[in-house]
Amino acid sequence: MNSEAEILKKIDVILEEALKGLKNSRNLTELENNFKVFSGKKGELSLILHSIHSFSPEEKKNIGSKSNFAKKTIEDAYLLRKGELIAVEKSGKAARFIDLTIPGPSIEKIHAHPITAVLEDTVSFFSSMGFEIVEGPEIETTYYNFDALNIPANHPARDVWDTFYLLNGLVARTHTSSVQVRTMERKKPPLRVIAPGRCYRYEAVDATHLFMFNQIEGLYIDENVRLSDLKGILEATVRHLLGAKKTRFRPAFYPFVEPGLDLDIECVFCGGKGCGICKNTGWIEVIPCGMVHPNVFKYAKIDPDKYRGFAFGMGFDRIVMLKYNINDLRYLYQCNLDMLTQF
Ligand SMILES: [Zn+2]
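Residues numbered from 1 in each chain as written. Predicted model: local features only at pLDDT ≥ 70, side-chain atom pairs only at ≥ 80, totals over all residues.

1. Description of the overall build of the protein chain
Item 1. Assigned secondary structure in the protein chain consists of 11 helices and 9 strands.
Item 2. Computed over the C-alpha atoms, the radius of gyration of the protein chain is 39 Å, more than 25% above the 20 Å expected from 2.2 N^0.38 for a compact globule of 343 residues.
Item 3. Taken along the three principal axes of its C-alpha coordinates, the protein chain extends 120 × 45 × 45 Å.
Item 4. By the burial criterion, 31% of the 343 residues in the protein chain qualify as buried.
Item 5. Counting only contacts in the protein chain whose residues sit at least 6 apart along the sequence, the fraction spanning at least 24 positions is 64%. (Helix = DSSP H or I, 4+ residues; strand = E, 2+ residues; numbered from the N terminus. Rg over C-alpha atoms; globule rule 2.2 N^0.38 Å. Buried ≥ 20, exposed ≤ 12 C-beta atoms within 10 Å, placed from the backbone. Contact = placed C-beta atoms within 7 Å.)

Structure representation (structure tokens):
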């Protein structure tokens, strides 16, 4: 014969085992079986209640109250687990326990658009060399876009920069070089600036041409700026941005510089052997540049006998294409996540 204390203790053990069994049930059949063992009509709790008819009323009351509490708790646990298992069977997914120690779902890693990422890198690279970032308007007067850059109205070089003219005579700027003159008017030398921004040309759209593109203009003016400064800074730039090991400078004509140059890098695709992208030359042109033309200084009211400087205009989309091996410029502007998330 068990005492009241022993019975009460037994109820505690039954409750503990029942909760454990219900919680660990892996499917509805297992759950029903577990529930019957502890709480059904022939369950362990019922058997206890049948065995207490010889106890005093006071003892019966205590045991009954404890047993009812256990029964209710087991029923609640049964219903909770049943709901979970039904949800699992419906969704076919694993049971959802609230376990605060499990790490949360991983968040998809995102990054800046390739153009933005390389632009930020370029800007910080030039900042580290003491260059300041300046900006100018995308809709520009013909004075700043052409005349002040030594491209007068009747000069054939204007044809090269064919663009969109607005009805009021303004133009969508064809290069960021227009910011050069605006900056020289505003600030007196010495100055070191870069001007990133969008430019526009009247172009038929294909894999390497768009009506809109990004450019970074650079301008460095001081009393003793030399061609060797241009060479050193631009070589460091292509080394930093594209990992270019071999470079070369070729003479080129741009009305706003004298002498004018093109900086080529060894083709990053074929290593200089010659391929379709470098047109079998082994070289890729990346940065048009040169020493600022004295006429440009005169337009900006800077004394060309006292100051000298160099300027460059880097087609920025092209740098991004070379860096990431993208063979069609249009991909950069199509907002296609499948393409953009590769980088
Ligand atoms: Zn090549």
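2. Topic: the packing of helix H1 (residues 4-23) against helix H4 (residues 57-91)
Item 1. The interhelical angle for the contact between H1 and H4, taken along N-to-C directions, is 0 degrees, at an axis separation of 10 Å. One element, H1, and the other, H4, form an angle in the roughly parallel class. Contact residues: Glu4, Ile7, Leu8, Ile11, Ile14, Leu15, Ala18, Leu19, Leu22 and Lys23 in H1; Glu59, Asn62, Ile63, Lys66, Ser67, Ala70, Thr73, Ile74, Ala77, Tyr78 and Arg81 in H4.
Item 2. Here the contact of H1 with H4 is built from residues that sort into 13 nonpolar, 3 polar and 5 charged. (Axes fitted to C-alpha atoms, helices over the stretch in contact; angles between N-to-C directions. Parallel < 35°, antiparallel > 145°, perpendicular 65-115°, else oblique. Nonpolar A, V, L, I, M, F, W, Y, C, P; charged D, E, K, R; others polar.)

3. With respect to the domain arrangement of the protein chain
Reports of interface size often rely on the accessible area that becomes lost once the parts have come together.
Item 1. Assigned domains within the protein chain: domain 1 (4-91) and domain 2 (114-340).
Item 2. Between the C-alpha centres of domain 1 and domain 2 there is a distance of 80 Å. (Domains from an automatic or database assignment.)

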